[in-house]
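The primary structure of each chain is shown beneath.
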Amino acid sequence: MGIYLGINIDHIATIRQVRGTNYPSLVEAALLCEKSGADSITLHLREDRRHIQDADVEILRGKLTTKMNLEMAATDEMIAIASKIKPQDCCLVPEKREELTTEGGLNVISQISKMRDICIQLNMSNIIVSLFIDAQKDQIDAAKQCGAAVVELHTGHYANATNEAAQLTELERIKIMATYARSIGLQVNAGHGLTLENTTNIAKLPEIVELNIGHSIISRAVFVGLGPAIQEMKNLMIDARQ
Ligand code: PXP
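Note that this is a predicted model, so its numbers are computed, not measured. (Residues numbered from 1 in each chain as written. Predicted model: local features only at pLDDT ≥ 70, side-chain atom pairs only at ≥ 80, totals over all residues. Heavy atoms only, no water.)

Undergrad: Explanation requested: the pattern of salt bridges in the structure shown.
TA: Side-chain pairs of opposite charge can arise where the charged atoms are in close proximity. Considering all chains together, one arrives at 11 salt bridges under this definition. Linking Arg50 and Asp48 is a salt bridge whose minimum nitrogen-to-oxygen distance equals 3.0 Å. For Asp48, a relative accessible area of 27% corresponds to the partly exposed category. A salt bridge links Lys67 to Glu210, with the nearest nitrogen and oxygen atoms 3.9 Å apart. Here Lys67 is found in the loop between α3 (54-63) and β3 (68-72), whereas its partner Glu210 is found in strand β8 (residues 208-213), with 143 residues between them in sequence. When its relative accessible area of 29% is taken as the criterion, Lys67 is described as partly exposed. Taken together, the salt bridges that share partners define one network made up of Arg49, Asp54 and Glu77. (Salt bridge = Lys/Arg side-chain N within 4 Å of Asp/Glu carboxyl O. Buried < 20%, exposed > 50% of the residue type's maximum accessible area, 1.4 Å probe, protein only. Helix = DSSP H or I, 4+ residues; strand = E, 2+ residues; numbered from the N terminus.)

Undergrad: Help me out: how do you make sense of the site of the ligand in this one?
TA: With respect to spatial proximity, 13 residues lie near the ligand, and among them Glu71, Glu152, Gly193, Gly214 and His215 are the closest. Contact between the ligand and Asn8: an oxygen atom at 3.3 Å from a side-chain N or O atom of the residue. A distance of 2.8 Å separates an oxygen atom of the ligand from a polar backbone atom of Gly193. Relative to its free-state accessible area of 400 Å², the ligand is covered by the protein chains to the extent of 94%. A breakdown of the residues in the shell around the ligand according to their chemical character gives 3 nonpolar, 7 polar and 3 charged. (Near = heavy atom within 4 Å. Polar contact = N/O pair within 3.5 Å; in protein donor to acceptor, adjacent residues only side chain to side chain. Areas by Shrake-Rupley, 256 points an atom, 1.4 Å probe, with all protein chains shown as cover. Nonpolar A, V, L, I, M, F, W, Y, C, P; charged D, E, K, R; others polar.)

Undergrad: Help me out: how do you make sense of the packing of helix α10 (residues 215-224) against helix α11 (residues 226-241) in this one?
TA: Axes are the key here: two packed helices are described by the angle between their axes and the distance separating the axes. The interhelical angle for the contact between α10 and α11, taken along N-to-C directions, is 125 degrees, at an axis separation of 7 Å. One finds that α10 runs oblique with respect to α11. The interaxial crossing formed by α10 with α11 has right-handed handedness. Every residue of α11 that contacts α10 at Ser216, Ile217, Ile218, Arg220, Ala221 and Val224 is listed here: Leu226, Pro228, Ala229, Ile230, Glu232 and Met233. (Axes fitted to C-alpha atoms, helices over the stretch in contact; angles between N-to-C directions. Parallel < 35°, antiparallel > 145°, perpendicular 65-115°, else oblique. Left-handed = near helix turned anticlockwise from the far one by under 90°. Contact = heavy atoms within 4.5 Å.)

Undergrad: Would you explain the pairing of strand β4 (residues 89-92) in this entry?
TA: In the case of a regular strand, side chains alternate between the two sheet surfaces. Going residue by residue along β4, you find Asp89 and Cys91 tucked away on one face and Cys90 and Leu92 tucked away on the opposite face as well. When β3 meets β4, the two strands line up parallel, connected through 4 bridges. Bridging across to β4, Leu70 finds its partner in Cys90. Between β3 and its parallel partner β4, the chain crosses via helix α4 (residues 76-85), and the hand of that crossover is right-handed. Taken together, the 4 bridges between β4 and strand β5 (residues 128-133) define a ladder with parallel strand orientation. Of the residues in β5, the one forming a bridge with Cys90 is Val129. (Pairing = 2+ DSSP bridges. Right-handed = clockwise from strand over helix to strand, strands pointing away.)

Undergrad: Explanation requested: helix α8 (residues 164-183) in the structure shown.
TA: With 20 residues, α8 should cover 28 Å at 1.5 Å per step; its first-to-last C-alpha distance of 28 Å lies within 8% of that length. Along α8, the residues that are buried comprise Glu170, Leu171, Ile174, Met177, Ala178 and Ala181. Take α8 and look down its axis: the buried residues cluster within an arc of 140 degrees, on one side only. Every exposed residue of α8 that faces more than 90 degrees away from the buried side is listed here: Ala165, Leu168, Thr169 and Ser183. Buried residues belonging to α8 abut α6 (137-146), β6 (150-154), α7 (156-160), β7 (187-191), α9 (199-203) and β8. In this structure Asn163 caps α8, since a side-chain oxygen of it lies 3.2 Å from the backbone nitrogen of Ala165. Gly185 lies just past α8 and shows a positive phi near 95 degrees. (Expected span 1.5 Å × (residues − 1). Arc of directions from axis to C-beta.)

Undergrad: How do you make sense of the sheet that holds β5 when you look at a structure like this?
TA: Pairing between the strands of a sheet is mediated by backbone hydrogen bonds and can be parallel or antiparallel. As summarised here, the arrangement of the 8 strands in space is β1-β2-β3-β4-β5-β6-β7-β8, forming a closed barrel in which the pairing is parallel. Pairs of neighbouring strands in the sheet enclose a mean axial angle of 25 degrees, with direction left out of account.

Undergrad: I keep staring at the nonpolar core and nothing clicks. Help me out?
TA: For soluble globular proteins, nonpolar side chains are generally found buried alongside one another. Ile9, Leu122, Leu131 and Leu211 are the most contacted members of the largest nonpolar core, which totals 74 residues. Ranked by residues supplied to this core, first place goes to α11 with 7 residues. Other than its neighbours up to four places away in sequence, Ile9 contacts Leu26, Ala30, Cys33, Ile41, Thr42, Leu43, Ile52 and Leu60. (Core = buried A, V, L, I, M, F, W, Y, C linked by side-chain atoms within 4.5 Å.)

Below is the structure:
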């Protein structure tokens, strides 16, 4: 089975926001991502609007030719925005104002009934809901109970492991949990902290349908350009599957 690459374009917006300019254009960037092999475009509308803005979501929804995957916190404000814009996919993530990036997976276990209501609400707008969780059996079971169709397994602990043994332990955990999630009927995506150095082993896992990658690709684009940076990652993922 194939593997899909979702490009997270948040940090293209970061470059724009730090200077308050109207460039770089997110639409131009997203269309180039699609042309270069992105299978979907991911953007995280954060509560503090530090990178992606409301208007970006609205404008991009009408321009993307692949799919929009809107990452957002499980708040009333975000549910209202998603219900209006109707991205194809929504990935619910935990959010803390002061964090540099999403630090951990959602605690679905502690909020099953709230998450179930949100899944129902988003599904009514034909949005496929994914829950960003750590690779833990109890969180996967809770995601299933909420009626989410997809889980995105958090690869940050794997990516940030400080030695090879720790990284292998994390990889094994993701592997076992990807198999488990698939066995109970969930689509399994993964993402966070993935780079050219660490993606092959994740892309090899046959249950994983989609990887969402942002920071390393946008960083690599500084040296090789956005199109080639995407193609490099896509080729690496395809090679990993062969
Ligand atoms: N998936 C989720 C749910 C995320 O929150 C992020 C970061 O916004 C990513 C994937 C992409 O992570 P990175 O930018 O480290 O590739």
